[in-house]
Structures are given as structure tokens and as C-alpha cells.
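Tertiary structure, described
Spelled out from the first residue to the last, the chains are:
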Amino acid sequence: MSTLDENRGDGSDLETAEKIILRWDSTTCEEAKENLIFQSGGDRDEVDRYLRAVDEVQRHISSISVSDEVKPATSTIQIAMARLEDELRNILISQTSTFEPDSLLLDSSLSSSSFASSSRTELDDDYSVTTCDEDEEQQQQQQVDLVLPDGSDSGSRRLSRSRRSNSKSTSSIREIDLVSPEAVSDLRSIAQRMIGAGYSRECLQVYGNVRKTAMETMFKQLGIVKLGIGDVQRLDWEAVEVKIRRWIRAAKVCVRVVFASEKRLCEQIFEGTMEETTCFMDIVKGSALQLFNFPEAISISRRSPEKLFKILDLHDALTDLLPDMEEIFDSSSSEAILVQATEIQSRLAEAARGILTEFENAVFREPSVVPVPGGTIHPLTRYVMNYLNLISDYKETLIDLIMTKPCRGLECTNDRNNPDMDISQLEGISPLALHMIWTMVMLQFNLEEKSLHYKDEPLSHIFVMNNVHYIVQKVKSSPELMELIGDKYLRKLTGIFRQAATKYQRATWVRVLNSLRDEGLHVSGSFSSGVSKSALRERFKAFNTMFEEVHRIQSTWLVPDTQLREELRISLSEHLIPAYRSFLGRFRGHIESGRHPENYLKYSVENLETAVLDFFEGYTTAPHLRRSQ
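Not measured: the values here are computed from a predicted model. For every chain, the first residue of its written sequence is number 1, and the numbers climb from 1 along that sequence. Local features in a predicted model are, by the rule used here, given only for residues with pLDDT of at least 70; side-chain atom pairs are given and counted only at 80 or more, and totals for whole chains, interfaces and linings are based on all residues. To obtain the side-chain values, all non-hydrogen atoms of the structure were used and water was disregarded.

Quick notes on the overall build of the chain
Each helix is a run of DSSP H or I of at least 4 residues and each strand a run of E of at least 2, with the numbering of both proceeding from the N terminus. If you tally the helices and strands in the chain, you get 22 helices and two strands. Throughout, exposure labels follow a simple rule: accessible area from a 1.4 Å probe, protein chains only, divided by the maximum for the residue type, with under 20% read as buried, over 50% as exposed, and the rest as partly exposed. In the chain, which comprises 629 residues, the share counted as buried stands at 49%. Only the protein chains shown count as covering a residue, and every accessible area follows the Shrake-Rupley method with a 1.4 Å probe. Accessible surface computed for the chain: about 29900 Å², of which carbon and sulfur atoms make up 47%.

Structure (C-alpha cells):
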């Protein structure tokens, strides 16, 4: 600006200093209004001269006491401060307009000095899973009414959550340059002079306003919007789940990058002054409160089993971030933010404990009474075991959170009307493991109650066998769950489903096999001639009728586990086939020598062996029985 160059002084005395300051007075000089002292690619010598001029005037004010001499200098310093205020604002605004939205989601390889080269990478590898195996889903036709105390129905939903990654992040604070190093130097020079001249309030107001706006912009770019607690609680849980995943990613960036870098910038500009901490808190307090509004709303929302895993994700995320927050918010003025985050973490922990207890009670009280067709696995069993399997993924967190044992049922009372568990057989395992075993105890008790609704006694035993076997297999298939539950309780469960299989065989086959006994067939005389043919015919007829009825009914029953189904058929065959072969061998001749033997010798041994393969297949209509030719 040519007219300003004419009277340039070297800033070595008051008169020259005042001239430099006055020619940059935007209220009297149009060129001063249109130009900036601190501008990119500008005259750095002019910057230095202006700053020395301000220093000279300020030294003069400090060195004199006569009011008449102070007034002109004070007027000059006021003009300088107004100019520096504008320059401060312009530098800050120009430096906060260069962010790329996608660069705010950072990966662990990001350099701490640059946003520009980073590409968008999610901090967590999120993908959805469901709690029902694909083959199980097709079989799960009946809904479960898992009713919690508040009346919410959560059992009819399929659990879903993001596959849990390692909670503890290997990354930590990643400070970046929010403004360029050259701009930091200019901002520090301006701030020092404004604070030194008693204009700290004006300096902080300008600085804070611009940086707050920048902070709000970054929050929007990260997807963090202003939501009140009521707003969050009115959302559907499926929508909340999505927001939780996004919040965890965004919170890591907010704390480790945005807040940390903002603090560093304040330290660089206001280092050594009382304003160093004040400005930082003034800028981030509102944003921090906004950030933590969301997990706070989740921590006090209505509890239900489906919420447990996302609540644990939030808890783990806060636990992971708290050490970094302690480093960033390390002053007394920022204590409130730390207290808030810690209290939210505590409430999330309490919510998780409460949900686990309510889940146990809900399993015990699940009221469905309609028997599942064919005695197959009940939807409640699938739901509970998949839920416990997911819980085991969080065992590191929950072992720390679950410190008390289940409050009831730990004494073995042998009361048929209430579940109980002998804790003396489970010494040395964690409270979390006891809670999980207690949940399975209540599940088993509920299943026993549901089995009573079957009109066919053998089918009730098949139902218990199927469901307890499923519990055992789910435990065995998960190393984490197996480690928690342990061998002792697993052996007990194995004994229960094997006992149910034995009860089934007795209830079904004892009467059938009794028809193949010799008792009541012999009359006086030799063995060969002392057989009552009429009694023998009745025996074969009775066997045929009973076997056909069992085949017709039990081929529609279902044992979904292939190995268990095969083991049950083998056990059945080991009892049935030898007995029939022996009976047929001893008495076939007596029937064949009589009239219409085909009415009594309907089935060969091979026919029975083939027919056994139809059992427990879950046919909608029983297959036709092949007869002897």
C-alpha cells in the first residue's frame, strides 16, 4: 500500500511507533481497512515493525504516571488492540476453513502433523451378526415371549450386534496442527500483546468464538449432532445401535485428536499465561457436554436384554478413553468433564449389571406354554444360549463388572417348584460364571416346566433331551463359554440329556418289547408243541400295531442334531432288532404253518432296520412302512 510506505519509521521511539499504528487504523484509512498486516505471503518486515510499535507504546504507558501523558498513548494502544483483534480473527478464520470432512475419521497410521493426506478409514471393523445359526433360523418357527418386568417384549427379536473387536485401542492421543506453524507464531505474538495490554477478555472472546465455531463444524463432520436425552430415548433401538457404533468411532477422534489438538493449540498460543487453561475449557466445554449427552442418555434408558452388548461397547469405549481424557483434562477447571465421563461409565456398568439380572429373571418367567412341534429345540433355548455366547465375548469386561453372586437359588433345596443350584460343587469360579450357570439352571427349569405341556410322555423326554443337548453343544462350541462354565456343570448337563434319552426309551419301548417275550405263550407239553398259536398270533398282532403306531408318530418328531439322532437310533436298534430277530426266529414256523401268516408276519428284520431310520426326521406325514414279501 503505497501511501503507507511514505512515512515508515523503524519503531525505535514513541512518535514513530504511533505513526505505524495510526496508519493501520481501519477507522480512518481506507487502505488499512482493505488490507491485512498478517497475511499469507505478506510483508513480514511490516509485521515485525507493527509489533515493535505496539511494544514501544506499551512500554511508554508502563513507564509514566502523569495522566495527561498517558491519555494519548492509551488512545493509540486502543487503536492497536482493535487492529490486533481483527488480525487475530482473520488469521483464525482463514486457518479453520481448510478441513476435509472425510479426513476426520483417522486410522492408526496417520501422521500427527497433517490432516490432508489421511484417507477415510473406520477405526473399528464393524459387521453385523445374528444370534441364530443359519440352519437353526429355518427351524425357529415359534416366537419367544421373553417378558421383562417393564412389560417389554424382547424375546421375539433376533439379537444383532457388531462383532466385537478388541476393546483396548492400541492408539492414543494423536495431536495434529489445527493451524499452520507460521500462523501459530503470529497468533501467539498477537495474544501476548493483547493480554499484556489488559485486553485478555477481548482476545479470549475472539479466539473462543472462532474456535468454537470450528469445533462445531468438526463435530458435524463427525456426525455428532445435538440430541437431548429425551431425543435419544425416543429413538427406536435399532437406530440407537447405529448411532452407538458411529459415536464410538467419533468419540475416539474427538478426544484423541480434536480435544487434544485444541489443547495443544491453546498451549502454543497462550503458554505461560492464566488464559492457557481458561481458553481451552471455554472452547471445548459445550462440545464435550454435547459429546457425552448421548452415552448418558443410553445409561439411564429403559433396560432390556437386547441393549446389553451396545451398552458394554459404550462402557468399554469410555474405559479406553478415560486415561487419555485424564491427560487432556488435567486442570481443576476441566474436572467437571472428567467427573461426567466417569459417572456415565459407572452408570453404564450398573445398567449392564441390572440387565444381566433382569435377563436371568426373564428366562425363569418366560411364559410360553404352546409345545414346539416334534419336541425340537425351543426358541427360548436358542435365544438364551446365543445370548450367553455373546456375553462370553465380553468376559474381560464383565468379570470386572460382575462382582456379586446370584442373589438366590444358591442353596440346593431340591424344591421341585423352584430352581436351585448347589454352589459347593462350583467353588473357585467367578461371579460372572455363576450368573451364567444360574441362567442355564433357570432355563433348564423352565424347559422342564414346558415339557409338561406335551400330552405324549415320550415326546416330553425328547424335548428335554434335545434342548439340554443343545445347551451342552453351544457351550462346547465356544472356547470362551467353555472356559467360564467349566467341566463340572457341563458333565451335569450331559447326564441330564442322557437321562432324558433313557426315559424316552423306557416310556416308548418297554411295552413294545414286552410283546416279544415268551411269557404267556407256552402251554403244557413239550416246548415245540406247547406254544399257543392264538396267543402267538395276538403277540405278533400287538407288536405290529404298536410298532406301526410308534413309527407313525415318532417319524414326525425331530432330533435336529445329526449325531444325537444317530446315537438314539443305534440305541433303539440295539434293543429292538435283536429282540425281534430272536422272537421271529423262534416262532415264525408256528405262524407260517397256520392260516393267513401274512397278517401276522408283516415285517422282516430288514424292514424294521429300515423303518428305524425314519424316526426323529420330523416328517410332516409318516412315510409308508415296507412289509415282507
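Focus: the confidence of the model for the chain
Note on scores: pLDDT gives the predictor's confidence for each residue, bounded by 0 and 100. In this model, the chain carries a mean pLDDT of 82, and residues with pLDDT of at least 70 account for 80%. By mean pLDDT, the top-scoring element of the chain is helix α17 (residues 457-477) (97), and the lowest-scoring one is strand β1 (residues 128-130) (31). Working rule for contacts: check all heavy atoms of both residues, and any pair within 4.5 Å makes them a contact. The low-confidence segment residues 1-11 (pLDDT under 50) makes 23 contacts with residues lying over four places distant or belonging to another chain. Predicted confidence is poor over residues 107-145, with pLDDT under 50, and the contacts of this stretch with residues over four places away or in other chains come to 83 contacts.

Focus: the nonpolar core
For this analysis, a nonpolar core means a set of buried residues of the types Ala, Val, Leu, Ile, Met, Phe, Trp, Tyr and Cys, connected via side-chain atoms within 4.5 Å. By size, the foremost hydrophobic cluster in this structure holds 176 residues, and its most contacted members are F259, L291, F329, I391 and M440. Broken down by element, the residue count for this core peaks at 18 residues, all from helix α10 (residues 237-270). When sequence neighbours within four positions are dropped, the list of residues in contact with M440 reads M385, L388, I471, V475, I485, Y489 and L493.

Considerations on the pattern of salt bridges
Every case where a carboxyl oxygen of Asp or Glu lies within 4 Å of a side-chain nitrogen of Lys or Arg is listed as a salt bridge. Throughout the structure, instances matching the rule amount to 30 salt bridges. Across the pair E46 and R49 runs a salt bridge whose closest N-O atoms are separated by 3.4 Å. Separated by three residues within a single helix, E46 and R49 lie in helix α4 (residues 44-63), roughly one turn from each other. Each member of the pair E46 and R49 is classed as buried. Beyond isolated ion pairs, a larger network of salt bridges with shared partners links R23, E46 and R49.

Some words on the packing of aromatic side chains
Between 30 and 60 degrees the pair is tilted, below 30 it is stacked and above 60 it is edge-to-face, where a pair is any two Phe, Tyr or Trp rings, Trp via its six-membered ring, whose centres lie within 6.5 Å. For the structure on display, the rule yields 23 aromatic pairs. Arranged with centres 4.1 Å apart and planes meeting at 20°, the rings of F359 and Y387 form a pair that is stacked. Remark: Y387 occurs in helix α14 (residues 379-393) and F359 occurs in helix α13 (residues 335-365); sequence separation between them is 28 residues. We note that F359, like Y387, is buried. Aromatic pair F547 and Y603: ring centres 6.4 Å apart, planes at 55°, arrangement tilted. Here the residue F547 occupies a position in helix α20 (residues 533-554), and Y603 occupies one in the loop between α21 (562-592) and α22 (605-612), the gap between them amounting to 56 residues. Among the residues examined, F547 registers a relative accessible area of 0% and is labelled buried. Accessibility expressed as a relative area gives 3% for Y603, which makes it buried. Of the aromatic side chains, those joined through ring pairs into one cluster are Y504, W509, F543, F547, Y580, Y603, F615 and F616.

With respect to unusual backbone geometry
Not every positive phi belongs to a glycine, and H596 is a case in point at roughly 50°. Among the residues examined, H596 registers a relative accessible area of 45% and is labelled partly exposed.

Focus: the packing of α10 against helix α12 (residues 308-328)
Whenever a helix is involved, its axis is fitted only over the stretch in contact; in every case the axis is a line through C-alpha atoms, and angles between N-to-C directions fall within 0 to 180 degrees. Axis separation between α10 and α12 bottoms out at 11 Å; the angle between their running directions is 10°. It follows from the interaxial angle that α10 and α12 lie roughly parallel. Considering only residue class, the contact of α10 with α12 consists of 14 nonpolar, no polar and 10 charged. Reported orientations rely on four angle classes, namely roughly parallel under 35 degrees, roughly antiparallel over 145, roughly perpendicular from 65 to 115, and oblique for the rest. Amino acids outside the nonpolar list (Ala, Val, Leu, Ile, Met, Phe, Trp, Tyr, Cys, Pro) and the charged list (Asp, Glu, Lys, Arg) are all regarded as polar, and Gly is one of them.

Overview of the packing of α13 against helix α16 (residues 431-451)
Relative orientation of the contacting elements α13 and α16 amounts to 15°, with a least axis distance of 8 Å. One element, α13, and the other, α16, form an angle in the roughly parallel class. Judged by the twist between their axes, the crossing of α13 over α16 is left-handed. Mapping the contact onto sequence places L356, F359, E360, N361, V363, F364 and R365 in α13 and L432, H435, W438, T439, M442, L443, F445 and N446 in α16. Handedness of a helix crossing follows the sense of rotation of the near helix relative to the far helix, less than a right angle counterclockwise being left-handed and clockwise being right-handed.

Concerning the environment of I570
The topology assignment puts I570 in helix α21. We classify I570 as partly exposed; its relative accessible area is 40%. It is 9.5 Å that separates the C-alpha atoms of I570 and L613, two residues lying 43 residues apart in sequence.

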